[in-house]
Amino acid sequence: MDLREVELRDRVADERLPQLMALFAAGWWTADRAPEDVAAMLAASDLVFALVHRPDDRMVGFARVLTDGVYLALVLDVLVAPDMRGSGVGAMLMDAVVRHPRLAAVGSVELVCQPELFPFYRRWGFTEQVGRSTLMRLTRSS
């Protein structure tokens, strides 16, 4: 794939919501999301990163960030279309996230991922060594 044919966009236009839902269908943690909830999520996210492959006008990557702009930024929902994995699209997406001007002065940029993805995220300086911290969660829906 020629990454010069992939365009970064800072929003998901309404007409692209079905494409985002297709990306979410491929993620184990995002597969059950409803379009109306995803639209609300997009509106409440501080930063949105959507990669569109121009030749077929298809969204091939997505990520979003929640941040206070000073102390913490949380990278969420990093997804690449299954047929595009290994093509450099994921690296392009993460480059856009970590280089975003609104995150340049943020003290800590964090994400949650499966152990098999540690090597991928280490390329940008992420580490699983976070002191004595442990992820905790309150789940309100099944």
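The coordinates are above.
Nothing here was measured: the structure is a model prediction, and the numbers come from that model.

### A look at the pattern of salt bridges
Scanning the model with the defined rule gives nine salt bridges in all. For R9, the salt bridge is made with E7, and the minimal N-O distance between the two is 3.0 Å. By relative accessible area, R9 is classed as partly exposed at 25%. Salt bridges sharing common partners tie together E7, R9 and R54.

### Describing the nonpolar core
Most often, soluble globular proteins have nonpolar side chains that are buried together. Counting residues in each nonpolar core, the largest one holds 39 residues, and the members touching the most others are L20, L42 and F62. Considering every element that reaches this core, the biggest residue donor is helix α3 (residues 89–98), with six residues. With residues up to four places along the chain from it excluded, the contact list for F62 reads V12, L20, L23, F24, M41, L42, V48, F49, D77, V78, L79 and L93.

### Concerning unusual backbone geometry
In this structure, D57 takes a positive phi of about 50° despite not being glycine. You can see D57 is positioned in the loop between β2 (47–53) and β3 (58–67). The phi dihedral of D77 falls on the positive side, at around 55°, and the residue is not glycine. Topologically, D77 is positioned in strand β4 (residues 72–80).

### Some points on helix α1 (residues 17–25)
Turn by turn, an α-helix covers 3.6 residues, leaving residues three or four places apart pointing in a common direction. Restricting attention to buried positions, one finds in α1 the residues L17, L20, M21, L23 and F24. Within α1, the buried residues cover an arc of 155° as seen down the axis, which keeps them to one side. Residues P18 and A25 are exposed on α1 and point more than 90 degrees away from its buried face. In this structure, the buried side of α1 is in contact with α2 (35–44), β3 and β4.

### A few points about a nonpolar patch on the surface
On the surface, V70, Y71 and L72 cluster together into a nonpolar patch covering about 320 Å² of accessible area. Along the chain, L72 falls in strand β4.

Reading the values: rules and limits
- Residues numbered from 1 in each chain as written.
- Predicted model: local features only at pLDDT ≥ 70, side-chain atom pairs only at ≥ 80, totals over all residues.
- Heavy atoms only, no water.
- Salt bridge = Lys/Arg side-chain N within 4 Å of Asp/Glu carboxyl O.
- Buried < 20%, exposed > 50% of the residue type's maximum accessible area, 1.4 Å probe, protein only.
- Core = buried A, V, L, I, M, F, W, Y, C linked by side-chain atoms within 4.5 Å.
- Helix = DSSP H or I, 4+ residues; strand = E, 2+ residues; numbered from the N terminus.
- Contact = heavy atoms within 4.5 Å.
- Arc of directions from axis to C-beta.
- Patch = residues over 30% accessible without salt bridge, like charges linked within 9 Å, V, L, I, M, F, W, Y side chains within 5 Å.
- Areas by Shrake-Rupley, 256 points an atom, 1.4 Å probe, with all protein chains shown as cover.

Honestly, it's all geometry; don't read function into it.
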